[in-house]
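# Descriptive analysis of the structure
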Amino acid sequence: MNVACTGAREGEILLGTRNTSEDAIMKVSGAIIPPRTKELDSLRAFPEIWERFLEKIGSLEFFSKMTTKERKEWLEEHETAVDMDMAEIEGCSVELLQLGKSNFLELEDEQIEEILSGGAKLAKDVREMFPRKPGSTGLRGRQTLIFYRQYWKVIVTHKQAKAHEGVIIDVESGKILNKASADKTRTLFLFEDLPLSVKKSGKFWVPTETQTVGFMVQDKGLKWDTATFDDILKEMHPDFGDEDIKSVRHSLRKFTCAGYKSLLQKIIRFVPELVEVPGKKTYPADFYLSVACVELMLSAGSFVPDIQRFVSGLESMVKRLAVIFFEESYVDKDTKGQLLTLCASAFLAQRVKSWKPSRELVVVYLNIATKAWKQNSYFHWKDAKGITPALPPYTFKQGNTELQFCSALLDEVRSFASDLAMVRYIAKNYDTCYKTPKVVNRPKKMPLCHCIDQHWAPEIVYFMPYKTIVAEKVPGSQPYSQIFGRVWREGTGVNPRKIANFDPVEYEKEKFVLLLRFAQRTVMEAKQIVPTERKAQKTKGSYTLSYTLDNSWISGMVGAVEISGRPTILTTLLPDDPEQIVAVRKPSRDMKDATLTVEQEEKAMRATRELLIEGLPLNKTNPPIPILKGAKLVLKETEEEDDAEEDTKNQDEAGEDVEEEEPSPKSRKKVAKKKVKEESTKLVSREYFIKTKDKRSLKWEDIREDKIEVPYLEPITENIFQAAVRTFGDGMQQNAFEELQKVLKASTRTAIRRMLMYISGFRQSFEMGRVSRDGGGTKQAVVVEDVGAFALLMRISVLFPSALRRRKGTATTFDVPLAPLLWKVREFVSVFLAEDVDYKSSAWGDIEDSLKRTPWQHQLDSLEEMKEAHHKGRKGHFIWIPVGMGKTWIVLSYLNFLKTVDKLPKYIVYTLPSSAIKSIIHEIQSFGFALNLVIPTKNSASHPLIKFAKHPGKSEIDEFTVNLIEHDHLRLCEETLASIAPQSIFIIDEVHKALNETKRTSVALSLSHLAEEFIALTGTPIIDSNTYKLIWWLEQIVPFEVNEKNFWVAANGMVAKKVNTGVIVKREEVIAEMTAEEKEKYFHLVPPGLGGKNSNFSSHNLRTAIDLCYEACTKRMIEITVDCVKKEKKGVMLVAHNGAHQSQLLKGLVKSGIKEQDIFLLSSGNSIFLTDQAVEEKKEHDYKVVITTIRKSEGYTLTRLKVLVTSVYPSNNATREQMEGRINRIGQKAKEVKFYAVHVGILSYILKKHKDARNLSAVLETLADEIKFIKGPEFVEEEQQQEKK
């Protein structure tokens, strides 16, 4: 329920719900934000939905005591038809409580500090902080949509009361009360539905009884600014003044929330007397600890992946400090109440975003931190591991101890599972689970870098010796888990309290600690220091760098141009011919048709040309050479006499034949586009110029092919890692290529290949694989070879600073200042690796299609496009052609072409899903290729196609053979495949299954980068609305840098064909109806943001709520199916969630009167070829309903059926398109088919995301050439036969 529907009132808290405002939280004041008539009318149009909406808003405190009639009247009285955002409402002020992942993060640091400094700010003033785009007035004059009402919703977390009888936590004193009243100086917050008793349900403990708990705090919180906290610090540490605080704060620059938390833990754990900062200056540990606590409290906060939530700086500090006390120290009886104060503060900081602690509370926090550091005793909790499921969680029950209340509070605010287990164990065994050592040998000092480990900076692994990392390698998805375990055991996890006879001096001399200290110091320098510029050699000299930029760079730098209108259109310059303009409709959620009329295209092209004549900025990607920075692309047109056209006209009139060359396949669409735009303009000559930042006008042709003098720099003598961190330069070392040759010879081939993967393509910046704290990857999979690759990249950045430069303030991100120089380095490395490569294409033998099939025109066109790309030096091909349209023939014919031009490498690796292997084997054999099925598993003997495996159970790859391997087996053969990749062509079928951040994707991408050439094939390239996943592949098929700003330019580089079946698809979204009992249960499960009442939404609640939604949807799906079969006489494809749901649907249909023999259940072990012809020929029973599951979307045909009924299931867009393609495909004889999507509750929110992905796919499809069935019907017949089998 967004604010455009509910409105918002004084004091209400709003949560951002869209990408622009995501997870931001703000408090409204100064005005009522009215609901919008348009949104309300869309609800009123459906009386049933309108009534449900009026009930739903009762979960908001403002409406809770109103009748539905009164709610309706309030909405009618305050609604407005005006399209406004909050910044346009007179007097509307906002207090930003949390930045989330919103566009507020795009503001300058000073602006963010200003809006977070406390107090309400006029919304219009905050909006003005956002910069306007050059030449744009934004949407109706707005430079940002951050205050758009549709992007926010009201959230409810608590109530305030004057008194309460029941459990109350006095936060200031740390006491538990059974009743209390609030006076003028104190506020009482009430939170409902906190657990009173629990029971075990499966693996989880669930509340059986809940209660309302009060939290008493001082009414006026502390002024939240640096000056106030500095006063507190000076009061608590009178020996230190402003300069000391400033100096400590400077040493903490670039620290994130994770960094501060790590520092707090390391100081309390390592118990040093002093903390040593860079420059050898030291500070007393207790003072440094206090400043660190303050800095964390004042920070904006961060997103914590483990609990999937944004956590404020205040919550981070008090919660982490409480956990540290349990983990590293000991709580005496006098401190129990103070620990409860910490945990209660964490709860309030999370649930009441506007709450700030009093000055007295902040002093308590800092004193507790010092106590934890001073304490010599510690809790002995090692037996706590794994007890979370066994021990029942503590609840807010009167009579429980302070520590048991702490455990209950931490369960509510969430933390790592191990932390919750530890606290629960200690709360139960407080009297027996602690130890007091006789003596604690405290280190004299702790280097500040000691706080750097995998918990804050997992990238530390890149700064450790490659040999050490390889020795500690762990097979699987977490290769660094063992080295991280060692870092903790021997380094940052050391607690002198727990080690008898600990010797701090000897500890610092240990070999592993020395390696760790170097890595820690270097990472900290990388994050903090400003590198110094290297000087040019005193004896002048330079390297002459010759380069040629591909024409497509200007297309990529211009990117997508948005042409306003109805509809909004995106235009791009065609990469292969930038003079040609391509227009597509901008994807939108409410889009019904992705196609454009000829008139709309022509208008958009004309508007784009006018913008080009004025000049378009080349800013959608980083320019590859300095002269293009800040430049514009300008189109100059000159009218010419059209003598040739007049001659042609005369010839035509005289009846003479005019010979014309058949247009090339790729140019067919270009010619059509050109014809459209030139019909309305005079014949002109067009030429692109570059208007540089200093106003010079230069021909693009003169700029794209030129020379640059790269100055020689003074050589570096210090450690390579330190040099890469501490210096930068514009130039290169004089002997750089000779030194690089030495480095390559001393490096392993695996590390070189991995490094080459990072610098392949045309990216102007890149980041090493992000490592998680558990030793795996956070996005894509990581491998230990990344560490060797990083070491090589650091060496290149020192030898060729103009080619590669570590980005300031980061540890593992590189920028490319001068791209052509990096390309030269890449070429040098590639030649080094390819020294022993010999094609010997003749060894492949005779290759041809033994079936002598006549190809379709689109197959010939696609083949020619691939040949053209090969001749241009492109290494990648992305083929997007629907299933059954002969993609495999295209690929095998292209391999034959490579053989004829002696460019077919000696290895072919062909990876695909297991379901497609059998049919592909037939195709490969028909072309005469030798075949090897790679089955690298122990149980290979049971594989149904074992006869095609030359080396069962092994990952051996044969020369001059097509080596087939299942997608899921790629990870088992990674090292073998990587070793032969530079001498291979890598083919990946169904590439949409390698678009998620998985090990499979990581390996596939790595091989595609390393291979001599690669081919990616798919029938459905869009799996969701995240275009960056497709960018991973697109950036390899076009010769310019690809990002989300020029995605649509790169998409033109695909070999794309589409099929128009001529069938009209009608879609209908059906909202299922819950019973009153189901509604009540649902609203108690889901959070206020989803219209419910649960302020502590958990994953268990989510699963239960979704199950309720599916129950309601199942009933409606059965009703629709029965109506279609009995009343409309149409067959139905019914999609179930899983096997159990499939059975449930079957029983429901039979109970509703559909004969069981007329229902077919599709499972993993069967298939069906249900066409009109198959039924007429009695080859298939005339099934009325076929029930499949969302996981079975391929390998069968259902064109006999006319209706698809589904609910909303976790799946990607490719799967959903494949599912719809079972009905809407060649052979469907109906004029129209109907697709029903049944949803309710949470499923309705998921459906919105699904629609975004579908619309993106529809727009992308407009770039594809339509397939016309000119020749080759045997391809369709063969495809159908394969599906039937």
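All of the points below concern the structure found in this document. Note that the structure is a prediction, hence the values are computed from the model and not measured.

Reading guide: rules and limits
- Residues numbered from 1 in each chain as written.
- Predicted model: local features only at pLDDT ≥ 70, side-chain atom pairs only at ≥ 80, totals over all residues.
- Heavy atoms only, no water.
- Salt bridge = Lys/Arg side-chain N within 4 Å of Asp/Glu carboxyl O.
- Buried < 20%, exposed > 50% of the residue type's maximum accessible area, 1.4 Å probe, protein only.
- Helix = DSSP H or I, 4+ residues; strand = E, 2+ residues; numbered from the N terminus.
- Arc of directions from axis to C-beta.
- Contact = heavy atoms within 4.5 Å.
- Pairing = 2+ DSSP bridges.
- Axes fitted to C-alpha atoms, helices over the stretch in contact; angles between N-to-C directions.
- Parallel < 35°, antiparallel > 145°, perpendicular 65-115°, else oblique.
- Left-handed = near helix turned anticlockwise from the far one by under 90°.
- Nonpolar A, V, L, I, M, F, W, Y, C, P; charged D, E, K, R; others polar.
- Phe/Tyr/Trp six-rings, centres within 6.5 Å; stacked < 30°, edge-to-face > 60°.
- Lys NZ or Arg CZ within 6 Å of the ring centre and 35° of its normal.
- 1 Å grid on protein atoms, 1.4 Å probe; cavity = no way out; pocket = protein on both sides within 12 Å on 5 of 7 lines; lining within 4 Å.
- Points joined across faces, edges and corners; volume = space filled by probe spheres on them.

In this section: the pattern of salt bridges. A full pass over the atoms with the stated rule returns 66 salt bridges. Where E767 meets R770, a salt bridge forms, and the shortest distance between an N and an O atom there is 3.0 Å. Of the residues examined, R770 reaches a relative accessible area of 45% and is grouped as partly exposed. Close ionic contact of E848 with K852 constitutes a salt bridge, the shortest N to O distance being 3.5 Å. Look at E848 and you get partly exposed, because its relative accessible area is 48%. Relative accessible area serves as the criterion here: at 59%, K852 is assigned to the exposed category. The structure contains a network of salt bridges with shared partners spanning D550, D576, E868, K872 and R874.

With that out of the way, let us pick up helix α18 (residues 481–492). Every buried residue belonging to α18 is among I483, F484, V487, G491 and T492, and all of these are buried. Down the axis of α18, the smallest arc covering the buried residues is 100 degrees, so these residues share one side. Those residues of α18 hidden inside the fold are in contact with α10 (257–270), α17 (466–471), α19 (504–509) and α20 (511–528).

Pairing between sheet strands relies on hydrogen bonds along the backbone, with the strands arranged either parallel or antiparallel. What the three strands build is an open sheet, ordered β30-β32-β31; its pairing is antiparallel. Each edge of the open sheet carries a strand with a single partner, namely β30 (765–767) and β31 (805–806). Both β30 and strand β32 (residues 813–815) contribute to a ladder of three bridges, which runs antiparallel. Bridging across to β32, S765 finds its partner in D815.

Here we take up the side chain of E966. Checked against the element boundaries, E966 lands in strand β36 (residues 962–966). Residues within four places of E966 in sequence aside, it is in contact with T911, L912, S914, I917 and H943.

Once that is clear, we can look at the packing of helix α12 (residues 313–328) against helix α13 (residues 336–351). Contact geometry of α12 with α13 gives a least axis separation of 8 Å together with a crossing angle of 150 degrees. By the angle between their axes, α12 is roughly antiparallel relative to α13. Once α12 is placed against α13, the crossing between them reads as left-handed. On α13, the residues that touch L314, E315, V318, K319, L321, A322, F325 and F326 of α12 are L339, L342, C343, S345, A346, A349 and Q350. A breakdown of the residues in the contact of α12 with α13 according to their chemical character gives eleven nonpolar, two polar and two charged.

What follows concerns the packing of α13 against helix α15 (residues 402–413). Where α13 contacts α15, the two axes come as close as 9 Å, and the packing angle between them is 20 degrees. The orientation of α13 relative to α15 falls into the category roughly parallel. In the packing of α13 onto α15, the handedness of the crossing is left-handed. Facing K336, G337, L339, L340, C343, A344, A346, F347, Q350 and R351 of α13, the residues of α15 in contact are E402, L403, F405, C406, L409, L410, E412 and V413. Partitioning the contact of α13 with α15 into residue classes produces twelve nonpolar, two polar and four charged.

Here we take up helix α5 (residues 68–78). Taken together, the buried positions of α5 are occupied by R71, W74 and L75. Around the axis of α5, the buried residues are gathered within 95 degrees of arc, so they sit on the same side. Counted as exposed and oriented over 90 degrees from the buried face of α5: K69 and E77. Taken together, the buried residues of α5 touch α1 (3–6), α2 (37–44), α3 (47–56) and α4 (61–64).

On to the sheet that holds strand β27 (residues 705–713), then. If you trace the three strands from one edge of the open sheet to the other, you get β19-β27-β29, paired in mixed fashion. At either end of the open sheet lies a strand with only one pairing partner, and these are β19 (542–548) and β29 (732–733). With seven bridges connecting them, β19 and β27 associate as antiparallel partners. Each bridged residue has a counterpart across the sheet, and for S542 the counterpart in β27 is P711. Contacting β19, β27 and β29, helix α30 (residues 819–833) crosses the sheet at an angle of about 90 degrees to β19.

Moving on: the packing of aromatic side chains. The geometry of an aromatic ring pair is captured by the separation of the ring centres together with the interplanar angle, meaning the angle of the planes. Overall, the coordinates contain 47 aromatic pairs when judged by the stated rule. Here the aromatic cluster, defined as three or more aromatic residues joined through ring pairs, consists of Y462, F463, F721, Y758, F766, F790 and F814. Here the guanidinium or amino end of K356 rests over the ring plane of W224, the centre of that ring lying 5.6 Å away. Over the ring of F416 we find R773; its NZ or CZ atom is 4.3 Å from the centre of that ring.

So, on to empty space enclosed by the protein. On inspection of all chains with the given rule, the structure shows ten cavities of 30 Å³ or more. Every residue lining the largest cavity is counted, 21 residues in all, and those nearest its centre are D576, E865, A869, R874 and G1053. Among the secondary structure elements, those contributing two or more residues to the lining of the largest cavity are α31 (857–871) and β33 (876–880). At four residues, α31 tops the list of elements feeding residues into the lining of the largest cavity.

The values reported here are purely geometric and, on their own, carry no functional implication.
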